[in-house]
Amino acid sequence: MPFDGTYLFGDKADSALKRFKKSRVMARSLGIAAAPLSPRVAPFVATEGVSYLSTSPLLSDRNQFPSFFRTIPSDDFQSRGLAQLITHFGWTWVGIVASDDSYGQLGSQIVQQEITKNGACVAFAENILLSRVDKNAFHVAQVIKNSAATAIVIFSSIAYLIPVLDEMVKQNVTGKTWIASEGWSTSFLFPCEKYSEILTSTIGFAIFSGEMLGFQEYLMRIHPSKTPEDIFVRRFWEEAFGCQWSDEDTLLIKDNKTKKCIGDEKLQSLPISNTIDFRTTYNIYKAVYATALALHDLNMCTKGGGPFIQESCGNISDFDPWQLLYYLKKVRLRREDIEAFFDEHGNPPAQYDIVNWQRDPKGTIRHMKVGSYESSAPTRNIFLINASALQWDIEKTQVPVSVCSPSCPKGFRKAIRPGKPICCFECFPCRLGEITNHADSLECFRCPWDQWSNEDRDQCIPKSTDFLSYKETFGAILAASSIFSSVIPIIIMGLFFCYRNTPIVKANNTNLSFLLLMSLTLCFLCPLTFVGCPTEKKCLIRQAAFGTIFSLCVSCILAKTFVVVIAFKATKPDSNLIRLVGPYMSYMIIISGTLIQVVLCVLWLVYAPPFSEYNINIHSGLIIVECNEGSPIAFWCMLGYLGFLATISFIMAFLARKLPDSFNEAKFITFSMLAFLGVWLSFIPAYLSTRGKYVVAMEIFAILSSSSSLVSCIFFPKCYIILFRSEINTKEHLMGRDASQSKKVKRM
C-alpha cells in the first residue's frame with residue numbers, strides 16, 4: 001500500500017518510524033540530529049539533512065551545502081516580509097536593533113536593503129554586542145529613547161534581547177512600536193508582565209503554526225511506561241509536570257524541593273497549547289514527514305525502472321545518502337494540514353504568521369494572529385493583514401506614526417533637506433497653475449493649458465473665460481450706448497424728412513445727408529459685433545464691417561465737401577470745373593472711396609482672415625477669448641485707409657471754411673474731421689498698450705466717440721436752426737447774408 005502520510009503521529013506510522021530510526025541516515029541525513037547546538041548554527045554541523053529551525057540565508061548556497069534542506073523558511077523571506085510590513089503601515093523612519101551574530105546581522109542587512117528600496121529610511125542601526133557582559137544594553141536603550149523613530153525592528157533571539165529590555169524598563173522607554181523577528185515574537189521564556197508597558201503594540205513575524213492531524217490524540221496517549229526506552233518522553237513528562245524521575249536512568253534530583261514523578265499525572269489536566277511550542281513542532285512534523293516520504297519513494301522503487309545507473313534502485317536497508325537526496329528533491333506533498341516540498345535551494349515555501357502583542361485588562365500579554373505571509377500564494381494574497389484585529393495599545397486602534405518629517409499633504413511637494421536622508425524633507429506649496437493630487441509628491445504637475453489650480457493646489461479646474469460680455473455691467477453699458485446712439489441719426493433723418501422743403505435742408509444736399517445719416521446709424525451699431533463671445537463668424541466680419549461702414553460714412557462727407565468746393569470754384573469766370581459739377585459726381589466719390597476699402601477687406605479675409613483664439617498669456621488662471629486679427633498689416637492698412645479718407649476730407653473742408661455763409665457747412669465738417677482724426681490717433685497707443693477685453697472696449701469707445709463727433713458737428717447745428725431758429729431758415733435770409741458777404745468780398 002503506498003504511503004500517503006495519513007498520520008505521522010499514531011499507530012499507523014509506528015512501523016515506518018521504527019524502520020526509519022534504524023537506518024544509518026538518521027544521524028547524517030536528518031538535520032534535527034543537531035538539536036543540542038544553537039538552532040541558528042546547527043546546520044553548519046549537520047549539513048546533510050532536513051533542518052526544522054535553521055534560518056540562515058547562507059544555507060541556501062548549493063555550492064557549500066548541496067544536500068541541505070529545511071522546513072523553516074530562510075531569513076531572506078522573513079526580512080523581506082518585515083520590510084513589507086513596515087511599508088504597509090507607512091513607517092518611513094525606522095530603527096534597527098540586531099544581535100551581533102549571523103542571524104541578526106544577515107537579517108538586519110536584508111531588512112535595511114528592502115526598506116530602503118521601498119522608500120523608507122533607517123534612523124539608526126545598533127547591535128547587541130554578545131562579547132560584552134552588558135550586551136551594550138545601555139547604549140542601545142539610549143539611542144532608542146532619543147530617536148524620533150517610533151518603529152523599531154529587533155532582529156535577535158530572546159536570550160540576547162532580555163538585557164536590552166531590562167535597560168529600557170530602567171530608562172522608561174515608552175511610545176515605541178516593536179517589530180519582532182520570529183526569534184522572539186512568540187517567546188514565553190520571560191515574564192511578559194514585566195515588560196508590558198514597553199512591549200504592548202509589538203507586531204512581527206512568527207513561525208507558521210499549522211494543524212497536525214492526530215497529533216493532539218497521540219500526545220494525550222503517550223506515557224513513559226508505554227515506551228520506557230524513549231528518554232524524550234520522560235523529559236517531556238518532567239517539563240510538563242515540574243517533577244523529576246529518581247531512578248538510575250535519569251539525573252539525580254538536585255534539591256529536596258523538586259517533587260518526584262510517579263507516573264500518575266494526567267496530561268488531560270494540562271493546558272497543552274501553553275506548554276508546548278507547536279510552531280517548532282510543526283516544522284519538525286514536516287521535516288520527518290518529508291524524510292519519511294523520501295524513504296517511502298526509495299522503498300517503492302522497482303528494479304529496471306529506478307532512477308540510478310542502469311535503472312537501479314536503492315536498498316532501503318542499506319542505501320547511500322545521495323540516493324535519499326535524490327528522493328528528497330522530488331518530495332511533493334500538498335494537503336490541507338501540511339505542505340512539504342523544496343525549491344532548488346532546499347528551501348520550503350515561506351509561510352509566516354503575523355502576530356500582534358495585545359494586553360488584556362489584567363495586564364497579560366497575548367500573542368494574537370492578525371495576518372499571514374505566504375510566498376507561494378497569488379500575488380495579492382502573499383501579504384494579508386486584518387487591520388480590525390490589531391491593537392496598538394489597550395485603548396488605541398490607530399496605527400502609530402513613525403516618520404522623520406510629517407507627510408506632505410496634497411497641494412505640496414517634498415524638498416529634501418541638504419545632508420539628510422530622503423525621508424527628512426520640507427513641504428512647499430505648489431505654485432499657481434501647478435498641483436499635486438497625492439500626498440508626499442516629489443514634484444508639482446502643471447495643469448493643462450485650459451485648466452488652473454484651485455486654492456488648495458490639489459485639483460485642476462477649468463479656467464474662467466473672459467471677454468466683453470453683455471452680462472457684465474461694462475459690456476451692457478457699451479451695448480446700450482450703441483443702440484441709443486444709433487437712434488439719434490434716425491431721429492435726425494426723420495426731422496430732415498419732415499423739413500425737407502426748408503432752405504437749410506435743401507442747401508445741404510438732401511440725398512447725401514440721408515445717406516450719411518444711414519451710414520452713421522450703422523456706425524453706431526458696429527459695436528454690437530464687438531460685444532459678446534468672439535466667435536469665428538464675429539471675428540471674421542466685425543473689423544471688415546467696421547472699416548467698410550466708416551469708409552462709406554467718411555466718403556459721404558468727402559463727397560459733400562468736394563461738391564461744395566468744386567461748385568464754388570466752378571462759379572468763377574473761365575473755370576473748367578463746371579463739367580465736374582453734376583448729379584452723379586458725389587455718388588462716384590462715395591462708391592470709389594468705399595470700394596477701395598471693400599477690396600482691402602476682401603483681400604484680408606481671403607489671405608489672412610481673423611479668427612477666434614484663447615489667450616492664456618495675459619492673466620494667470622484666465623482664458624481671454626479674443627479675435628486674432630490674422631494679419632496685423634491688413635488691419636492697420638484698413639485703419640490707415642480710413643484715416644487717409646478722413647485726412648482728405650479735413651483738408652478740403654479746411655480749404656472751404658471761408659466760403660460764403662450759404663456754404664458754411666465746411667466749417668462744421670472741418671471740426672468733425674478734426675475730432676474724428678483726434679479720436680483715432682488717440683486709439684492707436686491705447687490699442688497697443690492694452691490687452692484682452694479692454695482692447696475691444698477701447699475700439700468700441702473710439703467708434704462711438706468718432707461717430708458722435710460727426711453727428712454733433714455736422715447735424716446738430718442744422719437741427720438747432722430747424723427746431724429753435726425757424727426765422728432764419730428762409731431763402732431770403734440765406735441769400736441776404738450771401739449778398740452782404742459778396743459786397744465785403746468786392747471791397748477787399
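As the structure is a prediction and not an experimental result, all values here were calculated from the model.

J.: Help me understand the state of the cysteines, please; the structure alone is not making it clear to me.
T.: What the rule picks out here adds up to eight disulfides. Paired by a disulfide, Cys 430 and Cys 444 hold their sulfur atoms 2.0 Å apart. Judged by the sign of its S-S torsion, about -80°, the bond between Cys 430 and Cys 444 is left-handed. Of this pair, Cys 430 sits in the loop between β16 (425-429) and β17 (434-435) while Cys 444 is found in the loop between β17 and β18 (445-446), placing the two residues 14 residues apart along the sequence. Pair check on accessibility: Cys 430 and Cys 444 agree, each one buried. Of all cysteine sulfurs, the one in Cys 553 lies closest to Cys 556, which takes part in no disulfide; the gap is 6.7 Å.

J.: When you look at the pattern of salt bridges in this model, what are you seeing that I'm missing?
T.: Pairing between side chains becomes possible if they bear opposite charge and their charged atoms approach one another. All told, the structure shown has nine salt bridges when counted by the stated rule. The residue Glu 114 makes a salt bridge to Arg 80 at a minimum N-O spacing of 3.7 Å. Of this pair, Glu 114 sits in helix α5 (residues 102-117) while Arg 80 is found in helix α4 (residues 75-88), placing the two residues 34 residues apart along the sequence. Classification of Glu 114 by relative accessible area gives buried; the value is 12%. Arg 80 gets classed as partly exposed once you look at its relative accessible area, which sits at 38%.

J.: Before we go on, may I ask you to explain the environment of Leu 82 in this structure?
T.: Structurally, Leu 82 is set in helix α4. Placed 25 residues apart in sequence, Leu 82 and Gly 107 show a C-alpha to C-alpha distance of 10.0 Å. The residues contacting Leu 82, other than those within four sequence positions of it, are Val 111, Phe 155, Ile 179, Ala 180, Ser 181 and Phe 205.

J.: What is the right way to read the packing of aromatic side chains from this model?
T.: Aromatic ring pairs: the centre-centre distance and the angle between the two ring planes describe each pair. Tallying each qualifying case throughout the model produces 33 aromatic pairs. Plain terms: the ring middles of Trp 449 and Tyr 614 are 6.0 Å apart, the flat faces sit at 45° to each other, and that makes the pair tilted. Remark: Tyr 614 occurs in strand β22 (residues 611-615) and Trp 449 occurs in the loop between β18 and β19 (451-453); sequence separation between them is 165 residues. Classification of Trp 449 by relative accessible area gives partly exposed; the value is 47%. On the basis of an interplanar angle of 85° and a centroid distance of 6.2 Å, the ring pair of Phe 550 and Trp 680 is categorised as edge-to-face.

J.: Got a minute to help me understand a nonpolar patch on the surface in this structure?
T.: Taken together, the side chains of Tyr 584, Tyr 587, Met 588, Ile 591, Leu 595, Val 599, Val 602, Leu 603, Val 606 and Tyr 607 define a hydrophobic patch exposed on the protein surface, amounting to about 1100 Å² of accessible area. The topology assignment puts Val 602 in helix α18 (residues 585-607). Of the residues examined, Val 602 reaches a relative accessible area of 44% and is grouped as partly exposed.

J.: How do you make sense of the sheet that holds strand β3 (residues 93-99) when you look at a structure like this?
T.: Through backbone hydrogen bonds, the strands of a sheet pair up, either in parallel or in antiparallel fashion. Spatially, the eight strands line up as an open sheet ordered β4-β3-β5-β6-β7-β12-β13-β14, and their pairing is mixed. Unpaired on one side and paired on the other, β4 (121-128) and β14 (383-385) mark the two borders of the sheet. The sheet shows a mean angle of 30° between the axes of neighbouring strands, taken without regard to direction. Judged from the nine bridges that link them, strand β12 (residues 351-359) and strand β13 (residues 365-374) form a sheet pairing that is antiparallel. Bridge pairing links Val 355 to Lys 369 in β13. Helix α6 (residues 137-146) contacts β3, β4, β5 (151-155) and β6 (177-180) of the sheet and is inclined by roughly 165° relative to β4. Each of β7 (203-207) and β12 is contacted by helix α12 (residues 278-299), which is oriented at about 35° to β7, the strand it contacts most.

J.: Please explain the pairing of β22 as it appears in this structure.
T.: In terms of strand pairing, β22 meets strand β23 (residues 622-628) through five bridges, oriented antiparallel. Pairing of Asn 615 across the sheet is with Ile 624, part of β23.

J.: How should empty space enclosed by the protein be read in this particular structure?
T.: If you roll a probe as big as a water molecule over the atoms, it shows you where there is empty space left. By the definition in use, this model includes seven cavities of 30 Å³ or more. Approximately 70 Å³ is the volume found for the largest cavity. Taken together, Phe 467, Leu 468, Phe 530, Gly 532, Pro 534, Arg 542, Val 625, Glu 626, Cys 627, Gly 692, Lys 693 and Val 696 make up the lining of the largest cavity. At the level of elements, β23 and α21 (693-714) are the ones that each hand at least two residues to the lining of the largest cavity. The space that makes up the second largest cavity amounts to roughly 40 Å³.

J.: What is the right way to look at the environment of Ile 703 in this model?
T.: Summarising the element assignment, Ile 703 is placed in helix α21. Sequence separation of Ile 703 and Pro 527 is 176 residues, and the distance between their C-alpha atoms is 7.3 Å. The residues contacting Ile 703, other than those within four sequence positions of it, are Cys 523, Cys 526, Pro 527, Phe 530, Phe 546, Phe 550 and Trp 680.

J.: What should I look at first to understand the nonpolar core in this one?
T.: One recurring pattern in soluble globular proteins: nonpolar side chains tend to sit buried together. Judged by nonpolar contacts, the single largest core of 69 residues is most densely connected at Phe 546, Phe 676 and Trp 680. Among the elements that line this core, the one with the most residues is helix α17 (residues 536-570), at 13 residues. Every residue in contact with Phe 546, bar those within four places of it in the chain, is listed here: Cys 526, Phe 530, Met 638, Leu 639, Leu 642, Trp 680, Glu 699 and Ile 703. Counting 41 residues, the second largest nonpolar core, distinct from the first, contains Phe 69, Phe 236, Phe 278 and Ile 316.

J.: For this particular structure, what's the right way to read helix α10 (residues 231-241)?
T.: Val 233, Arg 234, Phe 236, Trp 237, Glu 238, Ala 240 and Phe 241 are the residues of α10 that are buried. The N-cap residue of α10 is Asp 230: its side-chain oxygen and the backbone nitrogen of Phe 232 are 3.0 Å apart. Just past α10, the residue Gly 242 takes up positive phi, approximately 65°.

J.: Is there a simple way to think about the packing of α4 against α5 in this case?
T.: Between two packed helices, what matters for the description is the angle formed by their axes and the separation of those axes. The N-to-C vectors of α4 and α5 enclose an angle of 45°; their axes lie 8 Å apart at closest approach. Between α4 and α5, the angle falls in the class oblique. Like other packed secondary-structure pairs, α4 and α5 cross with a definite hand, here right-handed. Contacts between α4 and α5 involve Asp 75, Asp 76, Gln 78, Ser 79, Arg 80, Leu 82, Ala 83 and Ile 86 from the former and Tyr 103, Gly 107, Ile 110, Val 111, Glu 114 and Ile 115 from the latter. A breakdown of the residues in the contact of α4 with α5 according to their chemical character gives seven nonpolar, three polar and four charged.

J.: Any chance you could explain the side chain of Asp 75 here in plain terms?
T.: Relative to the elements of secondary structure, Asp 75 occurs in helix α4. Overall, the relative accessible area of 1% leaves Asp 75 in the buried class. Each residue touching Asp 75, except ones within four places of it in the same chain, is listed here: Thr 55, Ser 56, Pro 57, Tyr 103, Phe 155 and Glu 182.

J.: Would you mind going over the packing of α12 against helix α13 (residues 321-330) with me for this structure?
T.: Here α12 crosses α13 at 110°, and the two axes come no closer than 8 Å. Between α12 and α13, the angle is such that the two are roughly perpendicular. As for the relative orientation of α12 and α13, their crossing is right-handed in sense. On α13, the residues touching Ala 290, Thr 291, Ala 294, Leu 295, Asp 297 and Leu 298 of α12 are Gln 323, Leu 324, Tyr 327 and Leu 328. Its residues assigned to classes, the contact of α12 with α13 comprises seven nonpolar, two polar and one charged.

J.: What is the right way to read the sheet that holds β23 from this model?
T.: Taken together, the three strands give an open sheet; going across it, the order is β21-β23-β22, and neighbouring strands pair in mixed fashion. The sheet is open, and its two edges are formed by β21 (464-466) and β22, each paired on a single side. If you compare each strand with its neighbour and ignore which way they point, the axes differ by 30° on average.

J.: Explanation requested: helix α16 (residues 510-525) in the structure shown.
T.: Along its 16 residues, α16 runs 23 Å from first to last C-alpha, staying within 8% of the 22 Å computed at 1.5 Å per residue. Residues of α16 that are buried include every one of Leu 512, Ser 513, Phe 514, Leu 516, Leu 517, Ser 519, Leu 520, Thr 521, Cys 523 and Phe 524, and no others.

Rules and cut-offs
Residues numbered from 1 in each chain as written. Predicted model: local features only at pLDDT ≥ 70, side-chain atom pairs only at ≥ 80, totals over all residues. Heavy atoms only, no water. Disulfide = S-S within 2.5 Å. Helix = DSSP H or I, 4+ residues; strand = E, 2+ residues; numbered from the N terminus. Buried < 20%, exposed > 50% of the residue type's maximum accessible area, 1.4 Å probe, protein only. Salt bridge = Lys/Arg side-chain N within 4 Å of Asp/Glu carboxyl O. Contact = heavy atoms within 4.5 Å. Phe/Tyr/Trp six-rings, centres within 6.5 Å; stacked < 30°, edge-to-face > 60°. Patch = residues over 30% accessible without salt bridge, like charges linked within 9 Å, V, L, I, M, F, W, Y side chains within 5 Å. Areas by Shrake-Rupley, 256 points an atom, 1.4 Å probe, with all protein chains shown as cover. Pairing = 2+ DSSP bridges. Axes fitted to C-alpha atoms, helices over the stretch in contact; angles between N-to-C directions. 1 Å grid on protein atoms, 1.4 Å probe; cavity = no way out; pocket = protein on both sides within 12 Å on 5 of 7 lines; lining within 4 Å. Points joined across faces, edges and corners; volume = space filled by probe spheres on them. Core = buried A, V, L, I, M, F, W, Y, C linked by side-chain atoms within 4.5 Å. Polar contact = N/O pair within 3.5 Å; in protein donor to acceptor, adjacent residues only side chain to side chain. Parallel < 35°, antiparallel > 145°, perpendicular 65-115°, else oblique. Left-handed = near helix turned anticlockwise from the far one by under 90°. Nonpolar A, V, L, I, M, F, W, Y, C, P; charged D, E, K, R; others polar. Expected span 1.5 Å × (residues − 1).

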